[in-house]
Amino acid sequence: MTLYNIHINGLTRTIECEPERLLIDVLREDLRLTGTKKGCGIGSCGSCTVLIDGKPRRACRVKMIDIYPSPSLPLQRGGRGSDSRFTIHDPRITTIEGLSIDGKLHPIQQAFIDCGAIQCGFCTPGMVLTAKALLDESPNPTRDEIKKALAGNLCRCTGYQQIFEAVEAAAKIVNRKP
Amino acid sequence: MKRVDAIEKVTGRALYADDMRFDRMCHAAPLHSAHPHAVIRSIDTKAARAMPGVIDIITGCDVPGTKQVGGIIADQYVIATDRVRYCGDVVAMVAAESADIARRAARLIEVDYKPLPPLLSTEEALAPDAAILHEGRKDNVISSFRVRRGDIKRGYKASRIILDARFQTSFVEHAYLEPESCIAAPEQGRAVTVYGGMQHPFSTRRVAAAAAGLPLSFVRIVQTTLGGGFGGKDDTISVVCARAAILATRLGRPVKITYTREESIRESYKRHPFELAYKAGIGADGRFRAMEVDITADSGPYCSMSPFVIWRPTVQCTGPYAVPNVRCDTKAVCTNNTFTGAMRGFGSPQHVFACESFIDVCAERAGLDPWEFRRRNFFRQGTKTHTGQKLIGHKVAIAQVAERALKELGWKKKWALCSRGKVRNDGTYYGVGFACSYRGVSLGAEGNDFCSSIVNIQPDGSALLEVGVSENGQGLKTAMVAILAGELGMNPDRIRFVDTDTSSVPDGGPTVASRGTLVGGNAVIDAADKIKRIMRPALRELIGPSRKGYLFKAGRIRNPENRKSVAFEDAVAACHRSRIYPYALGVWKGPRVSWDEDTGQGDAYFTYVYGCQACELTVHAKTGKVRVSRVVAVHEVGKAVNPQMAIGQVFGGIAMGLGFALMEEIRHNDGMIENLNLNTYRIPRSIDVPEMTAILVENPDPVGPWGAKSLGEPTNELMGAAVANAVYCATGKRFTKAPITADQILGDIHG
Ligand code: FES
Ligand code: FES
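Residues numbered from 1 in each chain as written. Chains lettered and ligands numbered in written order. Predicted model: local features only at pLDDT ≥ 70, side-chain atom pairs only at ≥ 80, totals over all residues. Heavy atoms only, no water.

Q: Got a minute to help me understand the domain arrangement of chain A in this structure?
A: Frequently, the measure chosen for interface size is the accessible area removed from exposure when the parts meet. All names here are of chain A. Examined at the domain level, chain A breaks down into domain 1 (2-97) and domain 2 (107-176). With 18 residues of domain 1 at the interface, the matching set in domain 2 holds 13 residues. Interface area, domain 1 with domain 2, both sides summed: about 1,100 Å², of which 64% is carbon and sulfur. Counting across the domain 1 and domain 2 interface gives 1 salt bridge. The partner of Lys 55 in a salt bridge is Glu 137, and the shortest N-O contact between them spans 3.9 Å. (Domains from an automatic or database assignment. Contact = heavy atoms within 4.5 Å. Buried area = accessible area lost by both parts, 1.4 Å probe. Salt bridge = Lys/Arg side-chain N within 4 Å of Asp/Glu carboxyl O.)

Okay, here's the thing in structure tokens:
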């Protein structure tokens, strides 16, 4: 068992688990953040997508040890004095629960609602987070870029088209902001 | 109006079954059969029981109630007893402190099987000396239907051309993104509540109560947010819930079962693979004189919904074309492959793939283009179908939708540009194709059409709404809320849709066959009418008597005779004060339908919808890869209660249809599924879908709520043939087996 300080959704949470434990289990079981879904368990469906340092990652394929390569790292490799609690690299995790701030939906979430991009909703958290990573990196994506970015997120209900439209609508709003 | 469940879904707060957790909860996992067909000699659970953390192990003999269940024929074992009939049969369930322990312990169970020769195709199962899979039956045919109309021989005599063709489709996985999951929690006094993601809580309750040996009233099913169903979250999730209920009552602890994707694909039922033979006679005028259709479906070992799945293609076997002389024989046959059941379309994607491919073949032989040939044969207002049903009472809109689709795609021009076997400079073939269908709405004469709803207006004028059919992710809640709001002139934000709870509202029949909006909506309208009647005495006091009744609009109730009005909230408060409760049970019963089993004659469905989908594609000559670039779908829906959601249904149906047409196939090897997860069972991705245009044609139907009919399924049945026809126009080769994979195409254009 190892102690981890996880920076997640703007908070720091401390949990104890095996370094081999999968992030999806840490999220869903240990932290009770059940918005991250599990559709396949092998990295093929994208329902478990979360953002680690802004990049979409499959929580079902990421072990704690992959995020925190050395368990004692937070204390030893801080490099800024012996009592530093900071590591050189301190990954930030964002799950769907961390996207809306103070009950206000993120523009991507709002666009998903407005464009009818949600049916059963099981793919939605992963889709929204993948879309966020895309827009953060390229605020004005073409339809083809959107399709490519979402290629690892399966949806069985919508046929994707309204999801593309939602991402485009969100891009417009995000770009309008100063 | 936006989806009522959108915010919780987009913020991750919506609770699917696996997101729930109960105090003292334990976990259970299945052990599946190692053989497609075998006798179980003995089961040794000693080693598994000894594993730390294991709480209980049950096998078939521990099922306290009925051992076999099923919606139509009770032939499926809750847990196998002495024989297994496919590799997805469950032999034992292990309950443990964690799911992981349960799965590891299951591997330690030793089952002594005596393998029997399996029946791995319908052909083997129909052979005269084939083993019979179910004791007490005379053969392996689990269900069959027939239609006899006119005189086939005379029809052929009057024909200039007679032709035939055979087609084949594959096992298809529903691939709902949420694998089966449920939690059973014991309640005081022998009762048990099961929370789970199922399409039809009432059939789950029937199965769980029967298997647990409890009266219906002691089993309560609460539907959690459903992560997709498409017809697939019924039989399997029901037995999964039954096993959880049995364990929970034995242990006195909540039990969760959440399947891995592999367990889900291994055990759950699939779309029936069909073999279809079409034969037709066409007169010199390019009109059909006769048609013969034979369909054989692989039902796997259990009946499930097989009769419905083959009955629909029986009723719709000619497609939307008038044929005076028809013979149709359909049958579902038991094998030791994975069992098959309901899946979006109920047999129609398979049959429409064959029928509409065949129509293009007929057109070419008759020397007509696909549009002109269809135009000559289309149903018209008042046509008698091959079941003897006169098409009246609704608009026969097939020509209307087809014309619209072809125009939108620019079919005429593009049809002239098709490659027809000549590779273009860019190394591809180009083609366009389309398909048309008509579809009976709801269950038809094979089922019982009814539904109920409860409307309970609270003292502050807000409302609780319950409906006997369930949200399947398609937006049913939203549609029901919209209908109630419209009927009572209420603000939809003041209506709370209560997820189906079997201990409250009466059974509304399954949410299948695209019937949810139609039957649920009608039940809601009936409840609203009753509410209005209940409120009448109070309204008389408040705004005076009215012989014409009162108008409920925009939050107020008006008396049309004296123009007095009162706020809805105030009227409701007045009712409650005088102990009049605006609480009503709405019921709806479908109009009369009929069916004669011997001749296949009757008014099979009370109304029909019509659709046409057209597509444009290229086939890569070197790789055989098909790229569909554009799809136009035109569907007649009666009335779209929520157009944005209806269009979402169309897009979803097209994408699933493309999967059926081009890529999806569950492969069995000696009865065991080879592609058990989504890396090997591929469904369409974002980069696979074309640009789609959906057009909804509204011809309000007298039977539907506000004129609405149905939509979910017709959108899914047309792509197979539209793609096959376009691939033909591109490559000059006719592919008769779905899915039309790149390998199949390569084998043919180079072979
Ligand atoms: S659950 Fe992680 S990709 Fe499917
Ligand atoms: S909305 Fe159901 S899987 Fe995407």
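Q: Quick question: what am I supposed to make of the nonpolar core here?
A: Considering soluble globular proteins, one finds that nonpolar side chains tend to be buried as a cluster. Among the nonpolar cores identified, the biggest contains 175 residues, and Phe112(A), Phe288(B), Leu617(B) and Val723(B) are the most heavily contacted of them. Non-local contacts of Leu617(B), meaning those with residues more than four positions away in its chain, are made with Tyr429(B), Tyr430(B), Gly431(B), Val626(B), Arg627(B), Val628(B), Ser629(B), Val723(B), Ala726(B), Val727(B) and Ala730(B). (Core = buried A, V, L, I, M, F, W, Y, C linked by side-chain atoms within 4.5 Å. Buried < 20%, exposed > 50% of the residue type's maximum accessible area, 1.4 Å probe, protein only.)

Q: Help me out: how do you make sense of the pattern of salt bridges in this one?
A: The tally for this structure, following the rule as stated, stands at 46 salt bridges over all chains. Glu97(B) is the partner of Arg253(B) in a salt bridge, and the nearest nitrogen-oxygen pair spans 3.1 Å. Of this pair, Arg253(B) sits in the loop between α7 (235-251) and β14 (255-258) while Glu97(B) is found in the loop between β7 (90-96) and α3 (99-106), placing the two residues 156 residues apart along the sequence. Note on Arg253(B): relative accessible area 14%, which makes it buried. Linking Glu674(B) and Arg667(B) is a salt bridge whose minimum nitrogen-to-oxygen distance equals 3.2 Å. Each of Arg28(A), Lys37(A), Asp18(B), Asp19(B) and Lys256(B) takes part in salt bridges that share partners, so that together they form one network. (Helix = DSSP H or I, 4+ residues; strand = E, 2+ residues; numbered from the N terminus.)

Q: How do you make sense of the pairing of strand β12 (residues 192-196) of chain B when you look at a structure like this?
A: Where a strand is regular, its side chains alternate between the two sheet faces. All names here are of chain B. Most of β12 is tucked away, with 5 of its 5 residues classed as buried. Across 5 bridges, the pairing between strand β11 (residues 181-186) and β12 is antiparallel. Along β12, the bridge assignment pairs Cys 182 with Gly 196. Viewed along the sheet, the connection from β12 through helix α6 (residues 201-212) into strand β13 (residues 219-223) turns out right-handed. (Pairing = 2+ DSSP bridges. Right-handed = clockwise from strand over helix to strand, strands pointing away.)

Q: I'm lost on the sheet that holds strand β9 (residues 141-149) of chain B in this one. Help?
A: Working definition: the strands of a sheet are paired by backbone hydrogen bonds and lie parallel or antiparallel to each other. Residues and elements named next belong to chain B. Here we have 5 strands laid out as an open sheet, ordered β9-β17-β16-β15-β10, and mixed in their pairing. Because the sheet does not close on itself, it has two edges, and the strands there are β9 and β10 (161-168). Strand after strand, the sheet turns through a mean of 5° between neighbouring axes, direction not considered. Where strand β15 (residues 274-282) lies against strand β16 (residues 288-298), 9 bridges are found, and the strand directions are antiparallel. If you follow Ala 280 over to β16, its bridge partner there is Met 291. (Axes fitted to C-alpha atoms, helices over the stretch in contact; angles between N-to-C directions.)

Q: Please clarify how the sheet that holds strand β22 (residues 551-553) of chain B should be interpreted in this entry.
A: Residues and elements named next belong to chain B. Strand order in the open sheet made by the 3 strands is β22-β23-β24, with antiparallel pairing throughout. Of all the strands in the sheet, the pair left with one neighbour each is β22 and β24 (565-567). Averaged over neighbouring strand pairs, the angle between their axes works out to 20° when direction is ignored. When β22 meets strand β23 (residues 556-558), the two strands line up antiparallel, connected through 3 bridges. Paired with Leu 551 across the two strands is Arg 558, which belongs to β23. Together, β22, β23 and β24 form the strand contacts of helix α16 (residues 568-577), whose direction differs from that of β24 by roughly 80°.

Q: Any chance you could explain unusual backbone geometry here in plain terms?
A: Leave glycine aside and you will find that most residues have negative phi; peptide bonds, for their part, are mostly trans. Residues and elements named next belong to chain B. With an omega of 0°, the peptide bond between Ala 738 and Pro 739 qualifies as cis. Take Pro 739: it is sitting in the loop between α18 (719-731) and α19 (742-750). In this structure, Arg 24 takes a positive phi of about 65° despite not being glycine. With respect to the helices, strands and loops of the structure, Arg 24 is situated in the loop between α1 (6-10) and β1 (26-32).

Q: Looking at this structure, how should I read the side chain of Asp5(B)?
A: Residue and element names in this part refer to chain B. One can find Asp 5 in the segment before α1. Residue classification places Asp 5 among the buried residues on the basis of a relative accessible area of 3%. Reaching out from Asp 5, the side chain makes a polar contact with the side chain of Lys 9 at a distance of 3.0 Å. (Polar contact = N/O pair within 3.5 Å; in protein donor to acceptor, adjacent residues only side chain to side chain.)

Q: Help me understand the interface of chain B and chain A in this model?
A: Between chain B and chain A, the residue contacts involve 51 residues of the former and 45 residues of the latter. Note on chain B versus chain A: buried area summed over both sides is about 3,800 Å², and carbon and sulfur give 56% of it. In terms of surface lost to chain A, no three residues of chain B exceed Val10(B), Leu177(B) and Ser686(B), which account for 19% of the buried area on that side. Counting the contacts that link chain B with chain A gives 5 salt bridges. A salt bridge links Arg28(A) to Asp18(B); the nearest nitrogen and oxygen atoms lie 2.9 Å apart. Ranked by the residues each element gives to the side of chain B that touches chain A, the list is headed by helix α17 (residues 643-662) of chain B, at 8 residues. Considered class by class, the residues forming the side of chain B that touches chain A number 24 nonpolar, 14 polar and 13 charged. (Nonpolar A, V, L, I, M, F, W, Y, C, P; charged D, E, K, R; others polar.)

Q: Could you clarify how one ought to interpret the packing of aromatic side chains in this entry?
A: For any pair of aromatic rings, the description consists of the separation of the ring centres together with the inter-plane angle of the planes. All names here are of chain B. Across all of its chains, the model carries 24 aromatic pairs over all chains by this definition. Their ring planes at 65° and their centres at 5.6 Å tell us that Tyr 86 and Phe 339 sit as a pair that is edge-to-face. Of this pair, Tyr 86 sits in the loop between β6 (83-84) and β7 while Phe 339 sits in the loop between β17 (325-333) and α10 (348-365), and the two are 253 residues apart along the sequence. For the pair Tyr 86 and Phe 339, a shared accessibility class is recorded, and that class is buried. By the ring-pair criterion, three or more aromatic residues cluster together here, those being Trp 311, Phe 379, Tyr 438, Trp 595, Tyr 605 and Tyr 608. (Phe/Tyr/Trp six-rings, centres within 6.5 Å; stacked < 30°, edge-to-face > 60°.)

Q: Even after reading the chapter, I still don't get the side chain of Ser462(B), so can you show me in this structure?
A: Residue and element names in this part refer to chain B. Structurally, Ser 462 can be placed in the loop between β19 (450-457) and β20 (463-467). A polar side-chain atom of Ser 462 sits 2.8 Å from a polar atom in the side chain of Asp 460. Once you skip the residues sitting within four places of it in the chain, Ser 462 turns out to touch Asn 456, Ile 457, Met 490 and Arg 494.

Q: Is there a simple way to explain the packing of helix α15 (residues 516-543) of chain B against α16(B) in this structure?
A: The angle between the axes and the distance between the axes are what describe a pair of packed helices. Residues and elements named next belong to chain B. Remark: α15 packs on α16, axes separated minimally by 9 Å, with the N-to-C direction vectors making an angle of 110°. Comparing the axis directions of α15 and α16 gives the class roughly perpendicular. Of the two possible hands of crossing, α15 and α16 adopt the one that is right-handed. Contact residues: Met 535, Ala 538, Leu 539 and Leu 542 in α15; Phe 568, Ala 571, Val 572, Ala 574 and Cys 575 in α16. (Parallel < 35°, antiparallel > 145°, perpendicular 65-115°, else oblique. Left-handed = near helix turned anticlockwise from the far one by under 90°.)

Q: What is the right way to look at the environment of Cys451(B) in this model?
A: All names here are of chain B. When you line up the elements, Cys 451 lands in strand β19. For the pair Cys 451 and Val 469, spaced 18 residues apart in the sequence, the C-alpha separation amounts to 7.2 Å. Every residue in contact with Cys 451, bar those within four places of it in the chain, is listed here: Val 467, Gly 468, Val 469, Gly 508, Val 519, Gly 520, Ala 523, Gly 586, Val 587 and Trp 588.

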